[in-house]
Amino acid sequence: MIDFTKRLLKTPQGAIGIFLVVFVLLVVVFGPLVAPHDPEKLSPLARYKGPTLTYWLGTDQYGRDIFSRLLIGARATVVMAVLATIVGTLIGALIGTASAFLGGRADELIMRTIDAVMSIPSLLFALLVVNLLGSSTVNALVAVAIAFAPGMARITRSVALSVRKQDYVNAAVARGESAGYIIRREMLPNVIAPIIVEMTIRVSFAVMLFATLSFLGLGAQPPAAEWGLMVSEARRYMHLSAGILIWPSVAIAIVAVGFNLLGDGLRDALNPRA
């Protein structure tokens, strides 16, 4: 573990990624506790203010403190993106590993279905799911998870195909273990490394996808302090105060870049020979 951490920190992208992700996680955990103002308190006389000692990042079109809304909104944005990625990864990993284990016609049927689903862009697929389920944060989570599952299934299958040929899998088959047992206990633990790398990178895409859904009015609903929704609400007033659009956009970019760099660092650390 120590050697792995050293390899991760030795790469610039790994070190920067860890720093940004840890910073984001600290904001998620402690942000609501240190927010200086009520994020939903309206102050009509304090609208469109620039950064001051009272309002560090200024105020929005309703006089609400932007800094407090960013701190509170971190949970709504980052946590939901991570949960959606985890759910999508688990679904995809199970499908991909099962496909590799079964092989033959079952593998062909599963993967051709996955290919058909993957031909639909992730955003378009997520929009379709949200339109069917309705606009809400939970439905947006489900939509992002479903949109990510096919890609994770294909990646997992490519790794699981080599694991399927290993002696310990053949021994489990010879013992008469069930397919479910072999997939969960013998194969999945041995394909976890590339899955973790891909999952970390996909968190950044999940954050942007969540922000896009909220921007389009299909994710979080007002007056929630969700970063994508903040950008959507601010676009009509950016000519009066650019900060109400810039700050949530910067927050989304920091999270996306942080998880992307961390994923690159994990990939290099897990493959020291490369």
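As the structure is a computational prediction, the values presented were derived from the model and not from experiment. (Residues numbered from 1 in each chain as written. Predicted model: local features only at pLDDT ≥ 70, side-chain atom pairs only at ≥ 80, totals over all residues. Heavy atoms only, no water.)

Caption draft 1: Region of interest: the UniProt feature "transmembrane region" (unreviewed entry) in the chain. The sites that carry the UniProt feature "transmembrane region" (unreviewed entry) are, in the present numbering, residues 12-35, 78-102, 191-217 and 237-263. Taken end to end, residues 12-35 comprises 96% helix and 0% strand; its first and last C-alpha atoms sit 32 Å apart. Helix makes up 78% of residues 237-263 and strand 0%, and the two end C-alpha atoms of the span are 36 Å apart. (UniProt positions renumbered as here; feature names shortened; annotations may be inferred. Helix = DSSP H or I, 4+ residues; strand = E, 2+ residues; numbered from the N terminus.)

Caption draft 2: Highlighting the nonpolar core. L70, V144, F210, L213, W227 and V255 are the most contacted members of the largest nonpolar core, which totals 49 residues. Broken down by secondary-structure element, the contributors of at least two residues to this core are helix 2 (12-34), helix 3 (66-102), helix 5 (122-133), helix 6 (137-164), helix 9 (192-215), helix 10 (227-234) and helix 11 (243-270). Judged by nonpolar contacts, the second largest core, of 15 residues, contains A98, I182, I183 and I195. (Core = buried A, V, L, I, M, F, W, Y, C linked by side-chain atoms within 4.5 Å. Buried < 20%, exposed > 50% of the residue type's maximum accessible area, 1.4 Å probe, protein only.)

Caption draft 3: Focus on the UniProt feature "domain: ABC transmembrane type-1" (unreviewed entry) in the chain. The residues that UniProt annotates with the feature "domain: ABC transmembrane type-1" (unreviewed entry) are residues 74-263. Counted over residues 74-263, helix gives 81% and strand 0%. Its end C-alpha atoms are 20 Å apart.

Caption draft 4: Highlighting the layout of surface pockets. Counted as a void, the largest pocket has a volume near 350 Å³. Along the walls of the largest pocket sit 17 residues, with F23, V27, L70, L71 and A251 positioned nearest its centre. Of all the secondary structure elements, the ones that give two or more residues to the lining of the largest pocket are helix 2, helix 3 and helix 11. With 6 residues, the single largest contributor to the lining of the largest pocket is helix 2. Looking at the second largest pocket, its volume works out to about 180 Å³. If you trace the second largest pocket, you find it lined by V21, L25, V82, T85, I86, M199, T200, V203, F259, L262 and L266. For the lining of the second largest pocket, the elements supplying multiple residues, two or more each, are helix 2, helix 3, helix 9 and helix 11. Among the residues forming the lining of the second largest pocket, the class breakdown is 9 nonpolar, 2 polar and no charged. (1 Å grid on protein atoms, 1.4 Å probe; cavity = no way out; pocket = protein on both sides within 12 Å on 5 of 7 lines; lining within 4 Å. Points joined across faces, edges and corners; volume = space filled by probe spheres on them. Nonpolar A, V, L, I, M, F, W, Y, C, P; charged D, E, K, R; others polar.)

Caption draft 5: Molecular detail of the packing of helix 9 against helix 10. Axis separation between helix 9 and helix 10 bottoms out at 7 Å; the angle between their running directions is 40 degrees. On the basis of the axis angle, helix 9 is oblique to helix 10. As for how helix 9 packs across helix 10, the hand of that crossing is right-handed. For the pair helix 9 and helix 10, the contacting residues are A211, S214 and F215 in the first and G228, L229, V231 and S232 in the second. (Axes fitted to C-alpha atoms, helices over the stretch in contact; angles between N-to-C directions. Parallel < 35°, antiparallel > 145°, perpendicular 65-115°, else oblique. Left-handed = near helix turned anticlockwise from the far one by under 90°. Contact = heavy atoms within 4.5 Å.)

Caption draft 6: Structural context of the environment of I114. Inspection of the secondary structure assignment puts I114 in helix 4 (residues 104-118). Spatially, the C-alpha atom of I114 lies 25 Å from that of G219, the residues being 105 residues apart in sequence.

Caption draft 7: Quick look at the environment of T11. Assignment of secondary structure puts T11 in the loop between helix 1 (2-10) and helix 2. According to the relative accessible area criterion, T11 is buried, its value standing at 16%. Taking C-alpha positions, T11 is 9.9 Å from L262, a pair spaced 251 residues apart along the chain. Dropping the residues within four chain positions of it, T11 is found in contact with G265 and D268.

Caption draft 8: Structural detail: helix 6. Taking 1.5 Å of rise per residue, 28 residues should cover 40 Å, and helix 6 covers 38 Å from first to last C-alpha, within 8% of that figure. At A149, helix 6 shows its largest bend, some 30 degrees, and a proline, P150, comes one to four positions later. (Expected span 1.5 Å × (residues − 1). Bend = angle between axes of the 7 residues up to and from the residue.)

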